[in-house]
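Fold and geometry: a report
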Amino acid sequence: MVGSALVRRLEREDVTLITADRDDVDLRRQQQVEDFVSDARPQAVFLAAARVGGILANDSFPGAFLYDNLLIASNVIEAARRYGVEKLLNLGSTCVYPKFAPQPIPENALLSGPLEPTNQWYAVAKIAAIKLCDAFRRQYGCDFISAMPTNLYGPHDNFDLDSSHVIPALIAKFAQAKAEHGKEVIVWGTGTPRREFLHVDDCADALVCLMRRFSDEGPVNIGTGTDVTIRDLAELIAQISGYRGNIVFDPSRPDGTPRKLSDVGRLTALGWRPGISLREGLAQTYAWFERECHRARVKTPVDPVHAGRNA
Ligand code: GFB
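Report on the accompanying structure. (Residues numbered from 1 in each chain as written. Predicted model: local features only at pLDDT ≥ 70, side-chain atom pairs only at ≥ 80, totals over all residues. Heavy atoms only, no water.)

Inspection of every chain in the model, using the stated rule, returns three cavities of 30 Å³ or more. Empty space within the largest cavity amounts to approximately 60 Å³. Every residue along the wall of the largest cavity is listed here: Thr94, Cys95, Tyr97, Pro98, Lys99, Gln103, Ile105, Glu116, Asn119, Thr257, Arg259 and Lys260. Each pocket or cavity is described by its volume, and for the second largest cavity that value is around 40 Å³. For the second largest cavity, the full set of lining residues is Leu47, Ala49, Ala50, Asn69, Ile72, Ala73, Ala125, Lys126 and Ala129. (1 Å grid on protein atoms, 1.4 Å probe; cavity = no way out; pocket = protein on both sides within 12 Å on 5 of 7 lines; lining within 4 Å. Points joined across faces, edges and corners; volume = space filled by probe spheres on them.)

Spelled out as structure tokens, the structure:
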């Protein structure tokens, strides 16, 4: 999702784009990465590749999330150093910050407290990548920077109900309930957690701004500076979809961290502002989903708690 948004955004720039499809280069294999980078010799690298997923996927596959993301980041950042890449932008996530970080979360909250258990594995790999960029800046003078986007959504997201993030999951659930005249949609957790959401096209624009204008150690947050409750989000997506049935919250599912609002002062000081409102972004993404992949990629929501009721 981020990679395709970056390709769309960079088509507006005077650059030659080199991309690496996962079938061509397994970024977890160091030799393949070094062969690719030594051959391509890019001037600048956006490191957006990662194993990502929502709260259930992170909590279910800790080994894969930690191992894959450590290897991807280490291999790409080392190959960029080794073959003289002038600038690298490493993408992390606001889940690198402590579960109970001050809100809005300032970048200096990093490593100031315990992580959210459900995604600590992914977070540790992303923190290691930040530190590797900073270490290479100190030891070798590499101009490698790290950006921490908030929760992203948009076209080409993962809409699989078990592994996705909340927005694509709810878009898929409400679209299916609308199409099938369903009586209820299950929303995980209590609905009380708050989340900040940024459209992926806004994120890509912010990444280009940082690649051009930021050059320092430590993470830079990318976000809107505003958040909503999961309950309000669900009601907004229901409204956009035209679904009129019940919304049922399932407290047996994890809420995760109670809030993840990022302090975007470092980014706005560079003159960047988001351009897509949540309502507008959700409507665009819902329309994209309906057009491009409804029913194609949505697994029937077999929810263990309500399986009996669904049967
Ligand atoms: O988006 P999400 O999976 O990840 O969940 P996080 C956000 C909130 O939405 C949680 C609730 O409180 C979920 O319980 N939620 C409600 C749902 N219904 C659903 C649903 O059907 N599916 C999902 N997935 N959530 C992620 C990290 O944390 O944040 C990632 O796990 C990454 O590693 C990402 O860092 C930015 O926002 O809790």
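All right, on to the environment of alanine 79 then. Residue position: alanine 79 is located in helix α4 (residues 62-82). We classify alanine 79 as buried; its relative accessible area is 0%. It is 9.3 Å that separates the C-alpha atoms of alanine 79 and glutamine 31, two residues lying 48 residues apart in sequence. The residues contacting alanine 79, other than those within four sequence positions of it, are Val33, Glu34 and Val37. (Helix = DSSP H or I, 4+ residues; strand = E, 2+ residues; numbered from the N terminus. Buried < 20%, exposed > 50% of the residue type's maximum accessible area, 1.4 Å probe, protein only. Contact = heavy atoms within 4.5 Å.)

So, on to the site of the ligand. Near the ligand there are 22 residues, and of these Asn151, Arg195, Pro254, Asp255 and Lys260 occur at the shortest range. Measuring from an oxygen atom of the ligand, one finds a side-chain N or O atom of lysine 173 at 2.8 Å. Contributing elements (two or more residues each) for the shell around the ligand: α3 (55-60), α6 (166-179) and β5 (184-188). It is α6 that contributes the most residues to the shell around the ligand, three residues altogether. The residue makeup of the shell around the ligand, split by class, is 10 nonpolar, eight polar and four charged. (Near = heavy atom within 4 Å. Polar contact = N/O pair within 3.5 Å; in protein donor to acceptor, adjacent residues only side chain to side chain. Nonpolar A, V, L, I, M, F, W, Y, C, P; charged D, E, K, R; others polar.)

Bringing unusual backbone geometry into the picture now. Glutamine 103 connects to proline 104 through a cis peptide bond whose omega is -5 degrees. Inspection of the secondary structure puts proline 104 in the loop between β2 (87-91) and α5 (120-140). The backbone of histidine 156 shows a phi angle near 65 degrees, a positive value even though the residue is not glycine. Of note, histidine 181 is a non-glycine position whose phi angle comes to about 55 degrees, a positive value. Its place among the elements puts histidine 181 in the loop between α6 and β5. Its relative accessible area of 64% is what places histidine 181 among the exposed residues.

Attention now goes to the sheet that holds strand β1 (residues 44-47). Pairing in this open sheet of four strands is parallel, and the strands run β1-β2-β3-β8 from one edge to the other. Edge strands, defined here as strands with exactly one partner in the open sheet, are β1 and β8 (219-222). Strand-to-strand twist in this sheet, taken as the mean axis angle between neighbours without regard to direction, amounts to 20 degrees. (Pairing = 2+ DSSP bridges. Axes fitted to C-alpha atoms, helices over the stretch in contact; angles between N-to-C directions.)

Okay, the pattern of salt bridges next. Counted under the stated rule, the structure contains 19 salt bridges. Notably, a salt bridge pairs aspartate 216 with arginine 266, separated by 3.8 Å at the nearest N-O pair. Of this pair, aspartate 216 sits in the loop between α7 (200-213) and β8 while arginine 266 sits in helix α9 (residues 265-268), placing them 50 residues apart in sequence. Here aspartate 216 falls in the partly exposed class, since its relative accessible area comes to 37%. Exposure remark for arginine 266: the relative accessible area of 30% places this residue in the partly exposed category. Ionic contacts of the salt-bridge type, sharing partners, join the residues Arg9, Glu13, Asp205 and Arg212 into one network. (Salt bridge = Lys/Arg side-chain N within 4 Å of Asp/Glu carboxyl O.)

Mapped onto the elements of the fold, glutamate 280 is located in helix α10 (residues 278-292). Taking the C-alpha atoms as reference points, glutamate 280 and valine 33, 247 residues apart in sequence, are found 38 Å from one another.

Keep in mind these values describe shape, not function.
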